[in-house]
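Architecture at a glance
Here are the chains, one letter per residue:
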Amino acid sequence: MLSVIISFLTWLYLAAVRCVFRLLWLPTGPTKFLLPPIDDPALVQSARTLALWIRQRKRSAESIVEAFRRRVEAVNPIINAVVDERFEAALLDARGIDQRLDACTQEEREEIGRAQPLLGVPFTAKENVLVKGLSCTHGLVLRQGMKAERDAEVVCRLREAGAIPLAVTNVPELGMWIESSNILYGRTSNPYDVSRTPGGSSGGEGALLASCGTPLSIGTDLIGSIRIPSFYCGTFGHKPTSGWVSLDGCRCLPYKNYLNRKITVTGPMCRSVGDLVVFLETVSPSAAGLAAKVANTDIGALKIWWVDSLNSPWCRRTEPSLCEALHTAHYHLHNSFGATTCQFQWPIDMEHSTDVWRNKLAEESKDEASLLTDMKNRQGTVNLLEEWLRWTFGRGRHSFSLLTVSTSFRYFYKKFLDPRFSWRNTQKIFLEILGQNSVLLTPTMPAVAPFHGELHCFWKDMSFTAIASATELPCTSVPLGLSKEGLPLGLQIITTPGNDHLSLAVAAALEDKFGGWVSPSPIIV
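Residues numbered from 1 in each chain as written. Predicted model: local features only at pLDDT ≥ 70, side-chain atom pairs only at ≥ 80, totals over all residues. Heavy atoms only, no water.

**A word on the pattern of salt bridges**
The criterion, for reference: The term salt bridge refers to a side-chain nitrogen of Lys or Arg lying within 4 Å of a carboxyl oxygen of Asp or Glu. Under the DSSP-based scheme used, a helix requires at least four consecutive residues in state H or I and a strand at least two consecutive residues in state E, with every element numbered from the N terminus. The rule is simple: take the accessible area with a 1.4 Å probe, protein chains only, and divide by the maximum for that residue type; under 20% is buried, over 50% is exposed, in between is partly exposed.
Tallied over the entire structure, the rule returns 29 salt bridges. We note a salt bridge from R18 to E454, for which the minimum N-O separation is 2.6 Å. Note that R18 is positioned in helix α1 (residues 2-25) and E454 in the loop between β11 (438-442) and α18 (463-470), a separation of 436 residues in sequence. Of the two residues examined, R18 and E454, each falls in the buried class. A salt bridge links E387 to R397, with the nearest nitrogen and oxygen atoms 2.4 Å apart. Of this pair, E387 sits in helix α14 (residues 384-392) while R397 sits in the loop between α14 and α15 (400-411); the two residues are ten residues apart in sequence, bridging distant segments of the chain. Since its relative accessible area comes to 3%, E387 is described here as buried. A network of salt bridges, in which partner residues are shared, links D40, R59, E66, R69, R70 and E73.

**Topic: the nonpolar core**
To keep things clear, this is the line we draw: Buried residues of nine kinds, namely Ala, Val, Leu, Ile, Met, Phe, Trp, Tyr and Cys, make up a nonpolar core once their side-chain atoms join them within 4.5 Å. We call two residues contacting when some pair of their heavy atoms lies within 4.5 Å.
Core analysis: the largest hydrophobic core is formed by 154 residues, its most contacted members being V154, L158, I218, W357, I493 and V506. Excluding residues that lie within four positions of it along the chain, I218 makes contacts with F123, T124, A125, K126, V129, V154, V155, L158, E205, T266, G267 and F279. Residues L14, F21, W25 and F458 belong to the second largest nonpolar core, which totals six residues.

**Digging into the side chain of S225**
Rules: Under this definition, polar contacts are N or O atom pairs within 3.5 Å; protein pairs additionally need one hydrogen-donor-capable and one acceptor-capable atom, and for neighbouring residues in sequence, both atoms have to be side-chain atoms.
Residue position: S225 is located in the loop between β6 (217-221) and α8 (227-232). Relative accessible area serves as the criterion here: at 3%, S225 is assigned to the buried category. One polar contact links S225 to S201, side chain to side chain, over a distance of 3.1 Å.

**Some words on the packing of helix α9 (residues 273-283) against helix α19 (residues 500-514)**
Describing two packed helices takes the angle between their axes plus the distance from one axis to the other. The following threshold applies: Note on definitions: angles span 0 to 180 degrees between N-to-C directions of axes, and those axes are lines fitted to C-alpha atoms, for helices only across the stretch in contact. An angle counts as roughly parallel when it lies under 35 degrees, as roughly antiparallel when it exceeds 145, as roughly perpendicular when it falls between 65 and 115, and as oblique in every other case. Lys, Arg, Asp and Glu make up the charged group, whereas Ala, Val, Leu, Ile, Met, Phe, Trp, Tyr, Cys and Pro make up the nonpolar group; the residues left over, Gly among them, are polar.
The contact between α9 and α19 brings their axes to 9 Å, and the two run at 150°. By the angle class used here, α9 and α19 are roughly antiparallel. On α19, the residues touching V273, L276, V277 and L280 of α9 are L504, A507, A508 and E511. Of the residues assigned to the contact of α9 with α19, the class counts are seven nonpolar, no polar and one charged.

**Quick look at helix α4 (residues 87-102)**
Note the threshold: Every helix has an expected span of 1.5 Å times one less than the residues it contains. The arc in question is traced by the directions running from the helix axis to the C-beta atoms.
Here α4 spans 22 Å end to end across 16 residues, near enough to the 22 Å set by a 1.5 Å rise per residue. For α4, every residue scored as buried is listed here: F87, A90, L91, A94, I97, D98 and L101. Considered in projection along α4, the buried side chains sweep an arc of 120° and stay on one side of the axis. Along α4, the residues that are exposed and aim more than 90 degrees away from the buried face are E88, L92 and Q99. In the core, the buried residues of α4 are packed alongside α2 (47-55), α3 (61-79), β1 (82-85), α5 (106-115) and β3 (164-169).

**Brief notes about a nonpolar patch on the surface**
The condition is simple: Patch construction takes residues with relative accessible area above 30% that form no salt bridge. Like charges are linked within 9 Å, and nonpolar side chains (Val, Leu, Ile, Met, Phe, Trp, Tyr) are linked within 5 Å. Here the open area of atoms and residues is found with the Shrake-Rupley method and a 1.4 Å probe, where only the protein chains shown may cover a residue.
A grouping of M1, V4, I5, F8, L9, W11 and L12 is seen on the molecular surface, where their side chains present a nonpolar patch of about 790 Å² in accessible area. Assignment of secondary structure puts I5 in helix α1. Using a relative accessible area of 40% as the deciding quantity, one classes I5 as partly exposed.

**Some points on the side chain of T264**
Relative to the helices and strands, T264 is located in the loop between β7 (236-239) and β8 (265-270). Ignoring sequence-local partners within four residues, the contact set of T264 consists of D221, L222, L247 and Y258.

**Quick look at empty space enclosed by the protein**
The test is simple: Definitions used for this entry: grid spacing 1 Å over protein atoms alone; cavity, a set of points where a 1.4 Å probe fits but cannot get out; pocket, an open set with protein on both sides within 12 Å along at least 5 of 7 lines; lining residue, one with an atom within 4 Å of a point. Grid points are joined across faces, edges and corners, and a volume is the space filled by probe spheres set on the points.
The tally for this structure, following the rule as stated, stands at three cavities of 30 Å³ or more. Along its surface, the largest cavity is lined by 15 residues, and M176, I223, W357, V405 and M462 are the ones closest to its centre. Of all the secondary structure elements, the ones that give two or more residues to the lining of the largest cavity are α12 (353-365) and α15. In the lining of the largest cavity, the residues fall into ten nonpolar, four polar and one charged. Computed from the structure, the second largest cavity encloses a volume of approximately 120 Å³.

**Remarks on the sheet that holds β6**
This is how the line gets drawn: Pairs of strands are assigned from DSSP output, requiring at least two bridges between the strands.
Reading across the sheet, the eleven strands line up as β1-β3-β2-β6-β8-β7-β12-β13-β11-β9-β10 and stay open at both edges, with mixed pairing between neighbours. Of all the strands in the sheet, the pair left with one neighbour each is β1 and β10 (340-343). In this sheet, neighbouring strand axes are inclined to one another by 25° on average, regardless of whether the strands run parallel or antiparallel. Note: β6 against β8, five bridges, orientation antiparallel. Bridge pairing links G219 to G267 in β8.

Written out as structure tokens, the structure is:
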């Protein structure tokens, strides 16, 4: 009986919050279909296709970079995703590539393509990933004007593969929230509806990628920072096995043990599964042969676990449209491939999913500088009471999101070390259940992209993504069309470490069936 009462009160609270935010946005007028049409066929192509066009001289690298430059300039005033760019330098890079290719025979170009599979393809990165010469503030006011002095290792590897860095995109302050907004650069909006969030912390990448402002994105994921923006913005994203992609240079402030972290990963966001695979093979020695493994995966031999709800009275129920999309997906895998499907029962109370995540984070951060020190750019420690007062009177130096998170970390840190929420015990259970030949389909979040600021009222929404981060499980985000409101639907596919090819193969099967990314603006080419 108590559970029923709690569920009802939770539903009532969530309904009231949604009503308030709808009313707040009502006077603003139209918020959908604001992006200009896509007028260049290059903008909707995969990174692999663009690289092929460039090698075969169907399009010059310069014309490709120029097309994406124009697109960024067209959409950025609407979505506010890009915070710094190197357009002129990128065009110079592209001209050099064109001159090199024009001097080669077709056979020589193909040989170059094998060594540099992304030659001439532009890419972007979230702002905390270092790109030499571009902003590296992590949304922190005290770092305003700071530029990266070197490239992150993942950027170096993409450059070595011939790709061209184009811009860096908006993030929440210090990456510590799942909406991309900060005092320094403002708020990024969802391209499908600017009243909605694109998520975070890779929200700038998600919004720009969905808007066709980039064909290839670098994200990082701590609690869902690749998967949540991918879901809200209708793109593919992959949280790889921990350690597959280097974290070197993926943080603006130095950390002693950051490179050995397992809770944080670097990974790709793309508009096709094939591009996820190419990205991983390009930047990670651990992903060698991944494309062949994905192609050779027998989906019919997999066990497909699925769960459509957090099954806790304290958590929001998954919206019907997302449940329907998930069920349609696992029915397809069963009916078309003969895969065994089975409903999954959470081995823990998912009300505590974020507590398990905090337990993992606390363990990996125990010898590092505190969040309060980071907020001061390592020049002392902030006084939370002072910062809250400054924010209250409109003179804040930090976002409401970061102040809330830092206050939680400051006063509830002991709870994070509670052995009841041991991430190791939880990981062991998940590994035993999933084994080496299965995947788990879950919602990414229990609701489609919410209004800006609405997520502050729904802390438990991160439970689906938090549990995978806490237990070091790789995941692939897959779009599954649009809701009746015109917002992206999707799910995440979880598997066990080292078995990324399983979730990617299932993602490819779902892409073939449901079509993948859907443009938020008209395509007139």
